[in-house]
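Descriptive structure summary
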Amino acid sequence: SAGLGQRARAHAMQLVAPLLPRDYPASVAPEYASYAAWIMVHNALGAAAGTLSMQALLVSAGVGATAATPAAAALNWCLKDGAGQVATIASAYAVAHRFDAHPKQWRLAAGWLENGARLLEMYAPYAPALFL
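Residues numbered from 1 in each chain as written. Predicted model: local features only at pLDDT ≥ 70, side-chain atom pairs only at ≥ 80, totals over all residues. Heavy atoms only, no water.

Side note on the overall build of the protein
Counted only if it meets this: For the purposes of this entry, the term helix denotes a DSSP run of H or I that reaches at least four residues, the term strand denotes a run of E that reaches at least two, and both are numbered from the N terminus. Exposure is judged per residue with a 1.4 Å probe applied to protein chains only, and the accessible area is read against the type maximum: over 50% gives exposed, under 20% gives buried, and values in between give partly exposed. Any pair of residues with heavy atoms lying within 4.5 Å of one another is described as a contacting pair. The accessible surface values rely on the Shrake-Rupley method and a 1.4 Å probe; as for residues, cover is taken only from the protein chains in view.
The helix and strand tally for the protein stands at four helices and zero strands. Start at the N end of the protein and walk to the C end: the helices and strands fall as α-α-α-α. Expressed as a percentage of the 132 residues in the protein, the buried residues total 8%. When contacts within the protein are restricted to residue pairs at least 6 apart in sequence, those whose partners lie at least 24 apart make up 43%. With the model as given, the accessible surface of the protein reaches about 10300 Å², and the carbon-plus-sulfur share is 69%.

Right under this line is the structure:
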């Protein structure tokens, strides 16, 4: 029925609204949806590549002699990474209205934070329990 379809679309929009710019679609260029889709693909593939490379790093470092140990470490990493992704979305939702005003400033801040996170990752061998 038409009413059910409209309600389903309204619920779907409520779920994705925190991920979209304010006043979407009127507030963005027509090609924004295509751009955002490619960014999503890029981010998903980047996260998957990071997880797989971490698993490879753990295996190459000799983590565990059984097949279960690297898998458990990779699963633990995925769970922590997933929690980080959820926190990122929640943080973005809280301050998204500020992103449009100063996009270069936010991009620079994101770059510094990412570099800081990579620096922390380099210390993982010295305190593995904090990272895995």
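Some words on the packing of aromatic side chains
The line we're drawing: A pair of Phe, Tyr and Trp rings is counted when the ring centres sit within 6.5 Å of each other, with Trp represented by its six-membered ring. The angle between the planes then sorts it: under 30 degrees is stacked, over 60 is edge-to-face, the rest tilted.
Counting across every chain of the model gives two aromatic pairs. Judged by centre distance (6.3 Å) and plane angle (45 degrees), the ring pair of Tyr-32 and Tyr-35 falls under tilted. Separated by three residues within a single helix, Tyr-32 and Tyr-35 lie in helix 2 (residues 32-60), roughly one turn from each other. The structure contains a cluster of three or more aromatic residues connected by ring pairs, namely Tyr-24, Tyr-32 and Tyr-35.

Details of the confidence of the model for the protein
The line we're drawing: Note on scores: pLDDT gives the predictor's confidence for each residue, bounded by 0 and 100.
Looking at the protein, the pLDDT average stands at 75 and 76% of residues meet or exceed 70. Mean pLDDT across the secondary structure elements of the protein bottoms out at helix 3 (residues 68-99), with 74, and peaks at helix 1 (residues 2-16), with 84.

Focus on a nonpolar patch on the surface
To be explicit about the condition: By definition, no residue in a patch forms a salt bridge, and every one has over 30% relative accessible area; like charges are joined within 9 Å, nonpolar side chains (Val, Leu, Ile, Met, Phe, Trp, Tyr) within 5 Å. Each salt bridge in this description consists of a side-chain nitrogen of Lys or Arg and a carboxyl oxygen of Asp or Glu lying within 4 Å of one another.
Taken together, Met-13, Leu-15, Val-16, Leu-19 and Ile-89 make up a surface patch of nonpolar side chains, about 480 Å² in accessible area. By residue number, the principal contributor to the nonpolar patch is helix 1, which donates three residues. You can see Met-13 is positioned in helix 1.

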